[in-house]
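Residue-level structure breakdown
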Amino acid sequence: MADKCDLCLLGLIILSSLLTGTSGVDHVYISSGENVSLSCNKALSDCKSTTWIYKNRFSDSAGAELITGGIKNKDSERHERLSLESDCSLNIKNVTGEDYGLYRCRQYVNGEQQGPDADVFLRVLHVSVSSPSSSSSSSSSQTEISPGRSVTLSCQLYSYRYSCDDLVSYWGVELLWVNQTGVDLKTDSRYQILSSSAPDRCILTLTTTLLNEDDNREWRCQLTHRDQLETSVRYTVKYSDPADTASETGVSVTAGSLYRVIVIIVEMAVFAAPTVILLQIICARRAGRKDSKHPEEIEMPTILE
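What you are looking at is a predicted structure, and each value in this text was computed from that prediction instead of being measured.

**Re the overall build of the chain**
Helix and strand counts for the chain come out as three helices and 18 strands. Across the 305 residues of the chain, 34% fall into the buried class. When contacts within the chain are restricted to residue pairs at least 6 apart in sequence, long-range pairs at least 24 apart make up 63% of them. If you sum the accessible surface of the chain, you get close to 19200 Å²; carbon and sulfur atoms cover 54% of it.

**Re the confidence of the model for the chain**
Chain-level pLDDT for the chain is 76 on average; 65% of the residues reach the 70-or-more range. Per-residue pLDDT stays below 50 along residues 133-137; that stretch engages in three contacts with residues further than four places along the chain or on separate chains. This stretch, residues 243-266, has a pLDDT under 50; its non-local contacts, to residues over four places away or in other chains, come to one contact.

**Considering the packing of aromatic side chains**
Scanning the entire structure with this criterion turns up six aromatic pairs. Both rings, one in Tyr54 and one in Tyr103, keep their centres 4.7 Å apart while their planes meet at 45°; by these two values the pair is tilted. Of the two residues, Tyr54 is situated in strand 3 (residues 50-55) and Tyr103 in strand 8 (residues 101-109); the sequence distance between them amounts to 49 residues. Neither Tyr54 nor Tyr103 differs from the other in exposure class; each is buried. Against the face of Tyr54 rests Arg78, its NZ or CZ located 4.1 Å from the ring centre.

**Description of the pairing of strand 16 (residues 201-209)**
Judged from the nine bridges that link them, strand 13 (residues 150-158) and strand 16 form a sheet pairing that is antiparallel. Bridging across to strand 16, Ser150 finds its partner in Thr209. In the sheet, strand 15 (residues 192-198) pairs with strand 16 via seven bridges, with the strands oriented antiparallel. Within strand 16, the residue paired with Leu194 across the bridge is Thr205. In textbook terms, the turn of a hairpin is the stretch between consecutive antiparallel strands, and for strand 15 and strand 16 this stretch comprises two residues, one of which, Asp200, has a positive phi near 65°.

So, how was this worked out
- Residues numbered from 1 in each chain as written.
- Predicted model: local features only at pLDDT ≥ 70, side-chain atom pairs only at ≥ 80, totals over all residues.
- Heavy atoms only, no water.
- Helix = DSSP H or I, 4+ residues; strand = E, 2+ residues; numbered from the N terminus.
- Buried < 20%, exposed > 50% of the residue type's maximum accessible area, 1.4 Å probe, protein only.
- Contact = heavy atoms within 4.5 Å.
- Areas by Shrake-Rupley, 256 points an atom, 1.4 Å probe, with all protein chains shown as cover.
- pLDDT = per-residue confidence, 0-100.
- Phe/Tyr/Trp six-rings, centres within 6.5 Å; stacked < 30°, edge-to-face > 60°.
- Lys NZ or Arg CZ within 6 Å of the ring centre and 35° of its normal.
- Pairing = 2+ DSSP bridges.

See the structure below:
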């Protein structure tokens, strides 16, 4: 019964594509930070009548026009990263996780659409790192932390419309954490690998405690589609140089000692100032009394006969 339901759902997906007048659906997988080109299946001699529409779960039913009449929409947040090729393909530079979604190409002549839509589902693979010693996460391709600490790498596939179960069951999509030689890390007990999902995201996390030999070690999250490698993201662990750490510590200690010396000097000056002033007053009074004596009051030295 379950198999029949799966076949029915797959049939509905195919039928939906046919009824919406699309010339075929293209599925593109790309890693964040890379450049991608989305095909339009051009039917006209030029691209002056080409429109590219973008949709994800946050946009309205009509979607947002990125390209209208072959011209970029400057109101688009990503217009600086967009360009149109001579074959009307849409280029996106430095892809981010937010770029995932449905891209639809349409062409018009005198206000009438020419040919069916060309739909492209763009799915983006992204890796970020987090450590209990830090409250923030980083999306850098390298991390500098010390051995003995726990680290978690999160591999996320951003996908629109299709759930993680659909991607696995119907499209044959799989996420894997592998080492430098391509061995699945699920076979190594020192790694804890968990899969989960969120709205429009499939997530595969890797958690481990770093060892001394992990310095410059590379881990890779790879995405396969029907057993074919589509894209991957490499992550390298790099430890801080102990010599640099010691040098920085020495500077901190020296600076702290100098600060304490200055504080002591200031405190001594504050407490010594009243004493100095009092001594000056006493000396001045004594000097004044001495100067005020009359000449006859001055004792003459005794002359020895």
